[in-house]
Every structure is written in structure tokens, then in C-alpha cells.
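Residues per chain, in single letters:
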Amino acid sequence: MKRKTQTHEEKLADTRVEMGSGNVFADLGFANPEELLAKAQLVFEIQKAVKKKKLTQTEAAEKLGLTQPKLSILLKGQFKGYSTDRLIRFLRILGQDIDIFVTPKLSNKQAHLHVYSSVVKPSFTIAAKAR
């Protein structure tokens, strides 16, 4: 007997979907997921700044003191080996202001880190575990 191939709808019906936490690195079980998410957002802002300035990767890499291949790898999201401070320095070199605000948490909930983009609302929120 010939087996019937599943339709697209049947395949979707068999798919299990889980709601994410908002931090893909935490969902995948990475160590230090808050730091990784912050770095990913900083890399995204670097990419936006390069695009806004209409720089080629070679031009941007020269400004940042990198080679073009290293910048290409960074902009593809491979930021292992880059500190948060270094990514912030790249943004400043690209003409971006960086503001850091520290405020006391207002409740018994976990303290959070908010990273704001050039838009008014926060790009993402990170929960920090109290020690």
C-alpha cells in the first residue's frame, strides 16, 4: 500500500510550538544569556550605524581597527571574543551616543537591564538574578 504524503497543514498540525522567554540565549541554555543578548543588540546597532553612514564593510572595518573579514563575521552575529566595552567603543567610533542609566529597582522582582535603541521604547529587557 502506498503511503500518503502529508500536506503542509498536516505537518504544521504536528509541530510543537513553545513560547520563548524573550531571550533566545536563555531559551537555548547558554551560559550568561543576559550578556549575550546585550552583545547581540549592540552588534545590531553597529550594523544599523554602518548602514546609515553608507559605509562599505572595508571602510567601516578600517574605522573600527578591524579587518573586513572580521567585521563581516561580527555583523553576522559571531561576537565571541568581543567585550561589551569594545562593542560600545565601536558604536562611539561610528558616531553613536551611549547613555547608561542606573536606577534602583522598584519592587521585589528581579533587577533588569534595559537597552534602548534610537527609538523611544526599549529594544529588549534582561532580567538579572539577585545574588
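Residues numbered from 1 in each chain as written. Predicted model: local features only at pLDDT ≥ 70, side-chain atom pairs only at ≥ 80, totals over all residues. Heavy atoms only, no water.

Q: Help me understand the packing of helix α3 (residues 33-52) against helix α6 (residues 84-93) in this model?
A: In a packed pair of helices, the relevant descriptors are the angle between the two axes and the axis-to-axis distance. Where α3 meets α6, the closest approach of the two axes is 10 Å, and the angle between their N-to-C directions is 15°. What the angle tells us is that α3 and α6 run roughly parallel. The hand of the α3/α6 crossing is left-handed. On the side of α3, the interface is formed by Glu35, Lys39, Leu42, Val43, Glu45 and Ile46, while α6 contributes Thr84, Leu87, Ile88, Phe90 and Leu91. Broken down by class, the residue content of the contact of α3 with α6 amounts to seven nonpolar, one polar and three charged. (Axes fitted to C-alpha atoms, helices over the stretch in contact; angles between N-to-C directions. Helix = DSSP H or I, 4+ residues; strand = E, 2+ residues; numbered from the N terminus. Parallel < 35°, antiparallel > 145°, perpendicular 65-115°, else oblique. Left-handed = near helix turned anticlockwise from the far one by under 90°. Contact = heavy atoms within 4.5 Å. Nonpolar A, V, L, I, M, F, W, Y, C, P; charged D, E, K, R; others polar.)

Q: How do you make sense of the nonpolar core when you look at a structure like this?
A: Nonpolar side chains tend to gather and get buried jointly when the protein is soluble and globular. With 21 residues, the main nonpolar core has Ile46, Leu71, Leu74, Leu87 and Phe90 as its most contacted residues. For this core, the elements supplying multiple residues, two or more each, are α3, α4 (57-64), α5 (68-75) and α6. No other element matches the six residues that α3 contributes to this core. Once you skip the residues sitting within four places of it in the chain, Leu87 turns out to touch Lys39, Leu42, Val43, Ile46, Leu74 and Tyr82. (Core = buried A, V, L, I, M, F, W, Y, C linked by side-chain atoms within 4.5 Å. Buried < 20%, exposed > 50% of the residue type's maximum accessible area, 1.4 Å probe, protein only.)

Q: Please explain the environment of Gly22 as it appears in this structure.
A: Within the fold, Gly22 resides in the loop between α1 (8-13) and α2 (24-27). Excluding its chain neighbours within four sequence positions, the residues that come into contact with Gly22 are Asp27 and Leu37.

Q: What exactly am I supposed to notice about α6 here?
A: Spacing of three or four residues puts side chains on the same side of an α-helix, whose turn is 3.6 residues. Among the residues of α6, Leu87, Phe90 and Leu91 are the ones counted as buried. With its buried residues spanning 100° around the axis, α6 presents them on a single face. Along α6, exposed side chains directed more than 90 degrees from the buried face belong to Asp85 and Arg92. After α6 finishes, the residue Gly95 shows a positive phi value of roughly 85°. (Arc of directions from axis to C-beta.)

Q: I keep staring at α5 and nothing clicks. Help me out?
A: Among the residues of α5, Leu71, Ser72, Leu74 and Leu75 are the ones counted as buried. One side of α5 holds all its buried residues, which, seen down the axis, span an arc of 160°. Buried-residue contacts for α5 involve α3, α4 and α6. Residue Gly77 follows α5 closely and has a positive phi angle near 95°.

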